[in-house]
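Architecture and fold: a report
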Amino acid sequence: MLEGKAALVTGAGRGIGRAIALTLARYGADVAVNYSGSREQAEKTVEEIREMGRNAVAIQADVSKADDCERMFQEAAQQLGSVDILVNNAGITRDNLAVRMSEEEFDQVIQTNLKGSFLCMRLAGKRMMKKRYGRIVNISSITGVHGNAGQINYCAAKAGVIGMTKSLAKELAGRSITVNAVAPGYIDTEMTAVLPQKVKDAILAQIPQKRMGTPEDVAETVAFLASDKASYITGQTILVDGGMGI
Ligand code: NAP
């Protein structure tokens, strides 16, 4: 499904990003595995992709920094030939009630989750426009659609990602480039592992399927949107949430 394509996945050493990188590779793509601090995990992901017979490279970069993003795209294109697929997955949380939230907590989440996605989309867009082909998939969140107490910074960033997805989809649609978002619900990763049991139980009670999602649930949707099977879908946000958002 993705043979001959080169993908760059941000935050792909662990969690959802790792599952996306492995899934894209399983469908035939070569993959640049970006990481910020998780070097060993990123290298392990690269090893697993190479074992599948695909090309892969681990690239350290902080997506909130423009220079890092520039270097990351150059390295990815050098190592893999091009970047046909961008998956903006890197993300952080700094949860707090709005009245207690510091400016730093607000800014950090906006810088990584919103600005980081913009910086990568800008770089990918330029390259893809020249090639007249591309797939961009942004990882938003159900909380960006519905809001969530204690996450005003995160929800602002994730709602912003949906706005950017629609805007860029309109800008690039004429060049066979699609831009879509995937909004996961409650997925079993380190990000959610830290939640208190009481909160976990309350979230589970809101999910019609009565289970957490897996990183692979998200990854399969990303792979579909990254493929030519989804060539007439752009500007959309697909919730992968076991029915939580119904
Ligand atoms: P996670 O396990 O905490 O992983 C976060 C990933 O983001 C890590 O690979 C991390 O890389 C990377 N990252 C963080 N800051 C970065 C930066 N400045 N530059 C580059 N990479 C950076 O989280 P996850 O659950 O897999 O989440 C992945 C995405 O899904 C995020 O955008 C998150 O908001 C979204 N999401 C998750 C859920 C959920 O329930 N888990 C629900 C909705 C949306 P390093 O380890 O190398 O720092």
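Look a little higher up for the structure.
Residues numbered from 1 in each chain as written. Predicted model: local features only at pLDDT ≥ 70, side-chain atom pairs only at ≥ 80, totals over all residues. Heavy atoms only, no water.

A short note on the site of the ligand
Put simply, the rule reads: Whether a residue is near a molecule or strand depends on its heavy atoms: it is near if one of them lies within 4 Å of it. Polar contact is the term for a pair of N or O atoms within 3.5 Å; when the atoms are in protein, one must be able to donate a hydrogen and the other to accept it, and sequence-neighboring residues count only if both atoms are side-chain atoms. Methods summary: accessible areas were calculated by the Shrake-Rupley approach with a probe of 1.4 Å, and residue burial reflects only the protein chains presented. Strands here are runs of E lasting at least two residues and helices are runs of H or I lasting at least four, both read from the DSSP assignment and numbered beginning at the N terminus. For this classification, Asp, Glu, Lys and Arg are treated as charged, while Ala, Val, Leu, Ile, Met, Phe, Trp, Tyr, Cys and Pro are nonpolar and the rest, including Gly, are polar.
Around the ligand sit 30 residues in total, of which Arg 14, Ser 38, Asn 89, Tyr 154 and Thr 189 are the nearest. Measuring from an oxygen atom of the ligand, one finds a backbone N or O atom of Asn 89 at 2.7 Å. Within the complex, the protein chains bury 93% of what would otherwise be the 890 Å² of accessible surface of the ligand. When contributions to the shell around the ligand are tallied by element, the ones reaching two or more residues are helix H1 (15-26), strand S2 (30-35), helix H6 (152-172) and helix H7 (190-193). Residue composition of the shell around the ligand, by class: 12 nonpolar, 14 polar and four charged.

Things to note about the pairing of strand S6 (residues 177-184)
Where we set the bar: Remark: exposure states derive from per-residue accessible area (1.4 Å probe, protein chains only) relative to the maximum for the residue type, with buried under 20%, exposed over 50%, and partly exposed in between. What makes two strands pair is DSSP finding at least two bridges between them.
With eight of eight residues buried, S6 lies mostly within the body of the structure. Side chains of S6 alternate between two faces, with Ile 177, Val 179, Ala 181 and Ala 183 and Thr 178, Asn 180, Val 182 and Pro 184 buried alike. Sheet analysis places strand S5 (residues 134-139) next to S6, joined by six bridges and oriented parallel. Bridge assignment links Asn 138 to a residue of S6, and that residue is Ala 181. Where S6 lies against strand S7 (residues 237-240), four bridges are found, and the strand directions are parallel. Note that in S7 the partner of Pro 184 across the bridge is Val 240.

Some points on the pattern of salt bridges
Counted only if it meets this: Salt bridges are defined as contacts in which a side-chain nitrogen from Lys or Arg sits within 4 Å of a carboxyl oxygen from Asp or Glu.
With the rule as written, the count across this model stands at 12 salt bridges. For Arg 26, the salt bridge goes to Glu 220, with nearest N and O atoms at 3.3 Å. On the criterion of sequence distance, the pair formed by Arg 26 in helix H1 and Glu 220 in helix H9 (residues 215-226) is long-range, its members being 194 residues apart. Residue Glu 220 is classed as partly exposed on the basis of its relative accessible area of 33%. The partner of Arg 54 in a salt bridge is Asp 30, with the nearest N and O atoms 3.7 Å apart. Within this pair, whereas Arg 54 is found in the loop between helix H2 (39-51) and strand S3 (56-60), its partner Asp 30 is found in strand S2, the two being separated by 24 residues in sequence. One connected set of salt bridges, linked through shared partners, spans Arg 18, Lys 44 and Glu 48.

Comments concerning the sheet that holds S5
Where we set the bar: Fitted lines through C-alpha atoms give the axes, limited to the stretch in contact for helices. The angle between two N-to-C directions lies from 0 to 180 degrees. By definition in these notes, contact holds between two residues if any of their heavy atoms fall within 4.5 Å.
Within the open sheet, the seven strands sit side by side as S3-S2-S1-S4-S5-S6-S7. Their pairing is parallel. The open sheet has two edge strands with one neighbour each: S3 and S7. Between one strand axis and the next, the sheet turns by 20° as a mean value, whatever way the strands run. Relative to strand S4 (residues 85-88), strand S1 (residues 6-9) runs parallel, the two sharing three bridges. Bridged to Leu 8 within S4 is Leu 86. Packed onto the sheet, H2 meets S2 and S3 and runs at close to 165° relative to S3. Of the strands in this sheet, S5, S6 and S7 touch H6, which is tilted by about 165° from S6.

These figures come from the coordinates and say nothing about function on their own.
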